[in-house]
Structures are given as C-alpha cells and as structure tokens.
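# A look at the structure
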Amino acid sequence: MSNEKEQFYQSVSDYYDKDADMNFEARAEVNPLLGRIRDDFRAITVKYPFGNALEIGCGPGFDVAWFASGFPGRQVIGVDISENMVRLAQKRISALGLVNARILKADERTLLQQFGPGSFDLVYVYFGALNTVADLTLAATEIRDLLKPGGHAVLTFVNKWYWREMAVQILKLNFKIAFARLKRDWGGYSPDRHLPSRCYSPREITRAFKEFQLLEKRGYSIFYPAWYNYRKWLKRLPETDKRWKTDGRLQNSFLWSKGEYTLFVFKRM
C-alpha cells in the first residue's frame, strides 16, 4: 500500500513537472476566465485575518506572490509537489524581491513534520490541489493540525457534479468525458495525459472536514464558461459578465454546487 501511494504521488509530481515545462505560466496568465475566478478566490480569502499563510499546491507562485506583495508585513509559504513548479515559483518571488515569501517542494503528508502544529492561521488551496491527494480525510486532519485554533482554511475543489459539462458532452455523445468526474479516478483535464485525481461532491468534502466549522461555500462556472473554453469565448467576453452575475444569483439555490469548482471556508475550532 505504501508503494502504491508513493507511485500515486510520483505520478502527480511527474504530471505537473511536465505542465510546468509546457508553458503553464503563460497560458494561465492570458486566460481571462481563469483570472476572474482567481480574483474571487482571493477576495474571499482576504476577508479572514492572517499573519502566517500556507498555500498547498502553489504552482508557479501566482498567489504566493500576490499575497506576499499585498501584505508585506505577513509571511506566506507556498509548497508544491512538482519540482519544476517550485522552480518557477521561486523565480517569481525572487524577481519581485519578496523577502516575506518562501517556496518549498512538499506535499500535504510532510507539512506537519516541517512546520509543526499550529504554525499557520491561514491555509489556502486554489484550483483543486486537494483533488490530487491520496486520502482527503487525512489531508483534512493535516490541515487542521497545521492551523492555530481559530485559523481558517479556504479550499477549492474540482467539482464532481458539473452539470453543464455533463450535458454538453452527452449531447456530443462523448459519454466517457461526460461521466469521467463520477469515477473514483478522474484523470484530469488533459485528453492525452493522465493525472491521478478524484472529483469530490460538497457532501464528501464537508464529511472529510467535519471537525471544522463551515463558514462559507460557493460554486463557480455554473453558467459562467469553464476556463478551458476561453478561446471559444474571446469574442464573447462581454457576455461572460452576465453569466458571472447569473452564477452569483444562484449561490442560494441548489444549483450552487453544480458548477466546475466549489469553494469552502472552514474554521478550526
């Protein structure tokens, strides 16, 4: 079982190493659909006070750099399982001269050993890094122990029940894609590379984080286009404003949990 887990995490690392080498930074930076979602993640996160923040799955360091630049009196640490992503993130914070930010190669299994219990008052995870852990319940325990009492976790997930994409793919008779998120092993977004991962429903997430207090929840890309369709929407960007507002109005309905991403804010009790 231990060997299986090691193979799992090595496969995740290899996947993102290759992503980093495939111009991931540039592709993310020019994607307006992705940028709008990222801005909303950040706006929700900064509502909660912090002195020491940890990002799990920091990728090329977009958000570590943003938080460290915007809050120079606070400490921000980013970790990623991919050595190549870590290299990109370190280059980014060095170029900006950010002395209050650090980047390390690690995954959720070793963080307590590295930092110790109660080391952070904020842990955040953007764009589904927790979809690539071997055991979400164990990851929730690690995050709880890393947080100080009263600390917050702002966590986002690739959602299991993305109704719009399921409907589109069914109409195209792409049944394998339509139902891929419902399987235990999802496989990620790439059509030709496999990412060991799993999509979670809101019920599964709140069950894993049952020892926390749930403060907020939000869904994304219910009608607002998914980030991977941005080229199709470049000429229709004004229309995305209306769809973003529609998504906002749906947050108090059952449809909030039927988009591409879900966000949860948990408080450690």
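Described below are features of the structure shown in this document. Because the structure is a prediction, the values reported are computed rather than measured. (Residues numbered from 1 in each chain as written. Predicted model: local features only at pLDDT ≥ 70, side-chain atom pairs only at ≥ 80, totals over all residues. Heavy atoms only, no water.)

Spatial ordering of the open sheet is given by β3-β2-β1-β4-β5-β7-β6, a layout of 7 strands whose pairing is mixed. Because the sheet does not close on itself, it has two edges, and the strands there are β3 (101-105) and β6 (212-220). The average undirected angle you get between the axes of adjacent strands in this sheet is 15°. Pairing of β6 with strand β7 (residues 261-268), which is carried by 8 bridges, proceeds in the antiparallel orientation. Across the sheet, Glu 216 pairs through a bridge with Val 265, a residue of β7. Sitting on the sheet, helix α5 (residues 83-95) is in contact with β2 (75-80) and β3, with an inclination near 165° to β3. (Pairing = 2+ DSSP bridges. Helix = DSSP H or I, 4+ residues; strand = E, 2+ residues; numbered from the N terminus. Axes fitted to C-alpha atoms, helices over the stretch in contact; angles between N-to-C directions. Contact = heavy atoms within 4.5 Å.)

Turning our attention to the packing of aromatic side chains. What the rule picks out here adds up to 28 aromatic pairs. Seen in terms of ring centroids, Phe 41 and Phe 127 are 4.9 Å apart; in terms of plane orientation they differ by 50°. Their pairing is tilted. Residue Phe 41 is found in helix α3 (residues 32-45), and its partner Phe 127 is found in the loop between β4 (120-125) and α7 (136-146); the two are separated by 86 residues along the sequence. Residue Phe 41 shares its accessibility class with Phe 127, and that shared class is buried. Each ring, one from Tyr 224 and one from Trp 244, has its centre 4.9 Å from the other, and the planes form 80°; the classification is edge-to-face. Placement of the pair is Tyr 224 in the loop between β6 and α11 (230-233) and Trp 244 in helix α12 (residues 237-249), with a sequence separation of 20 residues. Tyr 224 sits in the buried class, given a relative accessible area of 1%. The buried category is assigned to Trp 244, whose relative accessible area is 14%. Chaining the aromatic ring pairs together yields one cluster made of Phe 41, Phe 50, Trp 66, Phe 67, Phe 71, Tyr 124, Tyr 126, Phe 127, Tyr 220, Tyr 224, Trp 244 and Tyr 261. (Phe/Tyr/Trp six-rings, centres within 6.5 Å; stacked < 30°, edge-to-face > 60°. Buried < 20%, exposed > 50% of the residue type's maximum accessible area, 1.4 Å probe, protein only.)

Remember, this is a structural readout, not a statement about activity or role.
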